Amino acid sequence: MESSDVDPDLQRSVHAVLRELSAPAPALPSNQGMWRWSLHKKVERDPGKSPALVRILLRELEKAESEDARHVIIPLLHTLMYVLTKATGITEELHRRTYAFCTRLLTLPAPYCTIALDCAIRLKTETAVPGTLYQRLVIAEQNLKSELYPYRERVFLFVDPELVSPSVCSALLLEIEAAQGQQTPEACMRHVVSHALQAALGEACEAGVLQRKLQTSSPRALEHYFHAVVAAVEQMASEPSPSREGHLERLEEIYCSLLGPAAAARGRCGGKELVLFLRPRSQLRLSADLEALDLQGLLPDRELARASMLSTDSGIERDLPWGADEPPTPGSPEVERARLKRKGGIKKRVWPPDILMPGSWDGPPGLHQRTGRPSGDRGLLPGVSRLHTARVLVLGDDRMLGRLARAYHSLRKRETQKFCLTPRLSLQLYYIPVLASEKPTASRRSELGELAAFLGRADPWYESIVNTLCPAIHKLAEMPLSLDTSQPVDPFILDAITYYVRMGTQPIYFQIYAVKIFLSDLSQDPAEDIFLTELKVKIQDSKFPRESLSPRRRGVAEGPGAELSVRYQKALLSHRTREVTVSLRATGLVLKALPAGDTEVSGPTHCPPTAAPETDHTCLNISVTEVVKTSNLAGRSFSTVTNTFRSANVQIQSQDQRLLTLLLDKDSCRAYRDVARFEVAPCPEPCSGAQKSKVLGLSSHQEEIERTKAKAKPLRMPINTFSGIVQ
């Protein structure tokens, strides 16, 4: 009975995670994320509990599917995949049940079907070749040399000391160094060899004896066994129909060779010696496990996909030749004659197919939207679009994200002129909010963490795992330093960051806005800048003395604020253009790129709030503090009222002698003074329409159309979450 395998302690931890996800407001916000971490730590300290935890999680997923409790499906599925990647002793029956569950999720809308497809692809390989996911994870993250798996990943952590306290920076650095000291290349190779043998052999593998043998092996021998295991796993995974029995036989031979004659005498291997199953690298098809995913209609035939067939079908069944219902063999004369050939044409320069598209930089390094294939070369692994992945992790508040947006825009602009990173590098952006440790007001903290709050509303698992790290990071900075590095550490913060970086593959795109600033000094050229979250406009004190004003304008200047001319394109549901021009007196303006949480995001009380539609955070919310003048028997009086409208393009100009001060992304280091006029519009993709038209060999009229299309494409910066926006 399955109920006899249930661990009560694990069951309570899983139910605690589910209660945390279903509660509208957790009782102890500081403990959010701890249940997930403690759950993984329990199976890490006792790997024998992994099968029981997999059964519990799988049963809860099937229960959520039957009850249509979708708000817990993605968190539970991420937790399950994280356990399956690192666990050993998982039966084939559990793998197949999990795979069947993922295939059923493909009928749901995004992001459920997107995440389920990625999980199903990985599970297909793990079922046939146990240990593949963990081996590839360690090789890529720890930069272990392997010709059969050349993919590399690196995490870049960015913290600005001007925005984050030095104590937090030093505490994080010490914790990272303590963790890195335990992860030497030799230790990583021992983990790979041990995990692969235990995953394949199961109870037949004596884990204690194997660990002692690996600990006493010389570095050269350890590297020898590491490459043997990697070759066996990768070559079996590259087979069109990988065999679990064949994989088991190969690893048995490596296991017996490692332990020596004693293991052979116990009848495990029959005295076979170690065999390195090496084949020429050109014969390896590392994307075979994508083809093994048995989803009808997902993958068209590769050889026939590029063959342009000339149709001679009359539409009458009797005119069909004998055997016409069978497709021709790839490479046959029929296919070769059917290919369209052209000689003497213009030789086209081959550009990367997605060099001008945001998909070449952001989003998970994954599958093509329609074909399900990797978005890069045809010989790459499923879920991987390039050989190298740079995971950029930013810690800070909205000011740090504004600086990240500037760097991202600069990199994209430089890359379109000479793209050297795009064909080889997949760039992934991650964000962990860290606000000031001082005791600021609640409004100040919420003001600097607006983007983190939006991500938490869009993705409840991000809210539980990432948004709760800020208090833990400050507690770490306040703890006394431990000089004893010999003891193993359980770093909660690093474990949470690692979980986020590994499982957060679904991006949310944020529109970057360009602002063109005209200063009062006409001799200076207009300045150009960008912002991601907010642009605040303040009215400066009158620059000129009152005597210099004309009698007609003197009365106007006596009131508070400044006379402004606002011209904008009103946002309509029909997406038609409607320009509006108004003149008003205001004391300030705020242009926000994110929707307000209380109006734009709502949802039932029994499930997490639903994020706003995609169009809500691709449009500016402009709030104007307008001055209203009233006259009565006591004289004139002034009051203010806040008016809000939405637009993607706006032009604002001061009509009197008072100038403006602009503050971008709440950053005092990015302020512009003495501004007479400024224009805001969505930042275009920094691509060259002229280069594109020359490549395509278009006419002058078509060149202008292509250039217009290229300029109209907006630039959006992705930030990875666990599920993206859950509609």
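Placed above this text is the structure.
Asks: Can you help me understand the pairing of strand β14 (residues 716–721) in this one?
Replies: For a regular strand, the rule is simple: side chains alternate between the two faces of the sheet. Most of β14 sits inside the fold, with 5 of its 6 residues counted as buried. One ladder, built from 6 bridges, connects strand β4 (residues 506–511) with β14; its direction is antiparallel. Paired with Gln-506 across the two strands is Thr-721, which belongs to β14.

Asks: Please explain helix α9 (residues 185–201) as it appears in this structure.
Replies: Each α-helix turn comprises 3.6 residues. Residues three or four places apart therefore point the same way. With 17 residues, α9 should cover 24 Å at 1.5 Å per step; its first-to-last C-alpha distance of 24 Å lies within 8% of that length. Counting buried residues in α9 gives 14 out of 17 residues, a clear majority hidden from the surface. One or two residues past the end of α9 sits Gly-202, with phi positive at roughly 65°.

Asks: Honestly, the packing of α9 against helix α11 (residues 219–237) in this entry has me stumped. Any pointers?
Replies: Relative orientation and spacing of two packed helices are given, respectively, by the angle between their axes and the distance between those axes. Close contact between α9 and α11 brings their axes to 9 Å; oriented N to C, the two are set at 45°. In terms of orientation, α9 lies oblique with respect to α11. Classified by chirality, the crossing of α11 by α9 is left-handed. For the pair α9 and α11, contact is made by Glu-186, Met-189, Arg-190, Val-192, Val-193 and Ala-196 and by Leu-222, Glu-223, Tyr-225, Phe-226 and Val-229, respectively.

Asks: When you look at the sheet that holds strand β3 (residues 425–433) in this model, what are you seeing that I'm missing?
Replies: Whenever strands of a sheet pair, they do so through backbone hydrogen bonds, lying parallel or antiparallel. Here we have 3 strands laid out as an open sheet, ordered β1-β2-β3, and parallel in their pairing. Looking at which strands have only one partner, the edges of the open sheet turn out to be β1 (152–159) and β3. Neighbour-to-neighbour, the strand axes of this sheet turn through a mean angle of 20°, independent of strand direction. Relative to strand β2 (residues 388–396), β1 is paired through 8 bridges, and the arrangement is parallel. When the bridges of β2 are listed, Val-155 appears paired with Arg-391. Across the sheet, helix α22 (residues 492–503) lies against β1, β2 and β3, angled at about 140° from β3, the strand it touches most.

Asks: What should I look at first to understand the pattern of salt bridges in this one?
Replies: When charged atoms on two side chains of opposite charge get close, those side chains can pair. A complete count under the given rule lists 34 salt bridges for this structure. Across the salt bridge formed by Lys-86 and Glu-44, the nearest N and O atoms sit 3.8 Å from each other. Remark: Glu-44 occurs in helix α2 (residues 34–45) and Lys-86 occurs in helix α4 (residues 73–86); sequence separation between them is 42 residues. Salt bridges linked by common partners bring Asp-398, Glu-450, Glu-534, Lys-592 and Lys-666 together as one network.

Asks: Honestly, unusual backbone geometry in this entry has me stumped. Any pointers?
Replies: Glycine aside, a negative phi is what most residues show, and trans is what most peptide bonds show. Of note, the amide linkage connecting Ala-110 to Pro-111 takes the cis form, showing an omega dihedral of 5°. Looking at the element boundaries, Pro-111 is found in the loop between α5 (92–104) and α6 (112–128). Positive phi values are uncommon outside glycine, yet Asp-68 reaches one of about 55°. Positive phi values are uncommon outside glycine, yet Lys-666 reaches one of about 60°. Take Lys-666: it is sitting in the loop between β12 (660–664) and β13 (671–682).

Asks: Just to check I follow, could you spell out the environment of Ala-458 for this structure?
Replies: Checked against the element boundaries, Ala-458 lands in helix α19 (residues 450–458). Spatially, the C-alpha atoms of Ala-458 and Val-726 are 6.2 Å apart, while their sequence positions differ by 268 residues.

Asks: Teacher, can you tell me more about the packing of helix α1 (residues 8–22) against helix α3 (residues 50–67) here?
Replies: Relative to each other, α1 and α3 sit at 35°, their axes nearing to 10 Å. Crossing of α1 over α3 shows right-handed handedness. Touching Leu-10, Gln-11, Val-14, His-15 and Leu-18 of α1 are Ala-52, Leu-53, Ile-56, Leu-57, Arg-59 and Glu-60, all from α3. Considering only residue class, the contact of α1 with α3 consists of 7 nonpolar, 2 polar and 2 charged.

The rules behind each value
- Residues numbered from 1 in each chain as written.
- Predicted model: local features only at pLDDT ≥ 70, side-chain atom pairs only at ≥ 80, totals over all residues.
- Heavy atoms only, no water.
- Buried < 20%, exposed > 50% of the residue type's maximum accessible area, 1.4 Å probe, protein only.
- Helix = DSSP H or I, 4+ residues; strand = E, 2+ residues; numbered from the N terminus.
- Pairing = 2+ DSSP bridges.
- Expected span 1.5 Å × (residues − 1).
- Axes fitted to C-alpha atoms, helices over the stretch in contact; angles between N-to-C directions.
- Parallel < 35°, antiparallel > 145°, perpendicular 65-115°, else oblique.
- Left-handed = near helix turned anticlockwise from the far one by under 90°.
- Contact = heavy atoms within 4.5 Å.
- Salt bridge = Lys/Arg side-chain N within 4 Å of Asp/Glu carboxyl O.
- Nonpolar A, V, L, I, M, F, W, Y, C, P; charged D, E, K, R; others polar.

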